[in-house]
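For reference, the chains in residue letters:
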Amino acid sequence: MISGHTEQYRVMEEPARRPLIVVGMGGHGRVLMDIARVSQTYRLAAVLDDRFSGVELRGGLPYGPIATLKHFLADEPGMHVVIGIGDNRTRRAIVEMLALPESSYAVLVHPAAVVAEDAHIGLGAVVMPGAVIGPGAVVGAHAIINSGAVVEHDALVGPFAHISPNATMAGAASAEEGAHIGSGAVLIPRIRVGSWSVLGAGGVAVRDIPGGKTAVGVPARVVPPRLSVEKAL
């Protein structure tokens, strides 16, 4: 028996999780709802989608139309918002329509993602499970880094861009505003995909892709607009 020593233990309280509203209840929105449920930073407080005509409770969680957002924000100080819409242009349109202060938006990162200490993630951006964001990388506001995507060191993801599942951006590559990098696509180092362009699923970009274009294949080549929808995703 050890005498003369008394150790005191204090239970440390976990910091309170911040309330979060997910706007959008499609596939992408449901993924964000799941991330919020396992997040150590946020707790799911409400889901808003215009399929609802009024506020209703489901399992104790309020669901309602997007028009009720400002009422929720006024009722609970410290509420944050994330836009659960996968389409880049629609996500931007909703952000513009809501006209919220940028500080209202969350940065939602799944606990199973790996984010370098000096990477920067903009407000409203989301990072899915298994994603990797390397040192010096920059992810813009309201961008999506989807499941298993890799954004390597010093890469740039512009605002409202979407890096799809298992896509890879090598070191110092860039996907500018609104760009969509398809599932399993690859940007080799220092390659740029221009604003609102699409690199189709499985494509490999070995040269820059101008803004507003769609490129597919290995190596990726720009295709005429009439083929873009058929081949890109």
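No experiment lies behind these values; they were computed from the predicted model shown. (Residues numbered from 1 in each chain as written. Predicted model: local features only at pLDDT ≥ 70, side-chain atom pairs only at ≥ 80, totals over all residues. Heavy atoms only, no water.)

The helix and strand tally for the protein stands at four helices and 24 strands. Considered along the principal axes of its C-alpha atoms, the protein spans approximately 75 × 55 × 25 Å. By the burial criterion, 48% of the 233 residues in the protein qualify as buried. Expressed as a percentage of contacts within the protein between residues at least 6 apart in sequence, the contacts between residues at least 24 apart total 27%. Element-wise, carbon and sulfur atoms account for 54% of the exposed surface of the protein, whose accessible area totals about 11,700 Å². Counting 19 positive and 20 negative side-chain charges, the protein places the averaged centre of each group 9 Å from the other. (Helix = DSSP H or I, 4+ residues; strand = E, 2+ residues; numbered from the N terminus. Buried < 20%, exposed > 50% of the residue type's maximum accessible area, 1.4 Å probe, protein only. Contact = heavy atoms within 4.5 Å. Areas by Shrake-Rupley, 256 points an atom, 1.4 Å probe, with all protein chains shown as cover. Lys, Arg positive; Asp, Glu negative; His and termini not counted. Charge placed at Lys NZ, Arg CZ, Asp CG, Glu CD.)

Bringing the nonpolar core into the picture now. Formed by 33 residues in total, the largest nonpolar core has its most connected members in Ile133, Ile145, Val157, Ile163, Met169, Ile181 and Leu199. If we ignore the near neighbours within four places in the chain, the residues touching Ile181 are His162, Ile163, Ser164, Ala167, Ala175, Leu187, Val193 and Leu199. (Core = buried A, V, L, I, M, F, W, Y, C linked by side-chain atoms within 4.5 Å.)

Overall, the coordinates contain one aromatic pair when judged by the stated rule. Both rings, one in Phe52 and one in Tyr63, keep their centres 5.6 Å apart while their planes meet at 50°; by these two values the pair is tilted. Of the two residues, Phe52 is situated in the loop between strand S2 (42–48) and strand S3 (56–58) and Tyr63 in strand S4 (residues 61–64); the sequence distance between them amounts to eleven residues. Exposure class is identical for Phe52 and Tyr63. Each is buried. Taking the ring centre of Tyr63 as reference, the NZ or CZ of Arg58 above it sits at 5.4 Å. (Phe/Tyr/Trp six-rings, centres within 6.5 Å; stacked < 30°, edge-to-face > 60°. Lys NZ or Arg CZ within 6 Å of the ring centre and 35° of its normal.)

This part covers the sheet that holds strand S16 (residues 168–169). Spatial ordering of the open sheet is given by S7-S10-S13-S16-S19-S22, a layout of six strands whose pairing is parallel. The two strands at the open ends of the sheet, each matched to only one other strand, are strand S7 (114–115) and strand S22 (204–205). Where S16 meets strand S19 (residues 186–187), two bridges bridge the pair, whose relative direction is parallel. In the sheet register, Thr168 faces S19, and the bridge partner there is Val186. (Pairing = 2+ DSSP bridges.)

Strand order in the open sheet formed by eight strands is S6-S9-S12-S15-S18-S21-S23-S24, with mixed pairing between adjacent strands. Lying at the two open borders of the sheet, with one neighbouring strand each, are strand S6 (108–109) and strand S24 (221–222). Of the pairings in the sheet, the one linking strand S23 (residues 214–216) to S24 comprises two bridges and is antiparallel in character. Note that in S24 the partner of Val216 across the bridge is Arg221.

Before going further, it helps to spend a moment on the environment of Gly178. In this structure, Gly178 sits in the loop between strand S17 (174–175) and strand S18 (180–181). Between the C-alpha atom of Gly178 and that of Ile94, which follows or precedes it by 84 residues, the distance is 14 Å. Each residue touching Gly178, except ones within four places of it in the same chain, is listed here: Asn88, Pro159, Phe160, Ala161, Trp196 and Ser197.

A separate point is the pattern of salt bridges. A full pass over the atoms with the stated rule returns six salt bridges. For Asp34, the salt bridge goes to Arg37, with nearest N and O atoms at 3.0 Å. Linking Asp34 with Arg37, this pair stays in helix H1 (residues 27–38), spanning three residues, or about one helical turn. Judged by relative accessible area, which is 46%, Asp34 ranks as partly exposed. (Salt bridge = Lys/Arg side-chain N within 4 Å of Asp/Glu carboxyl O.)

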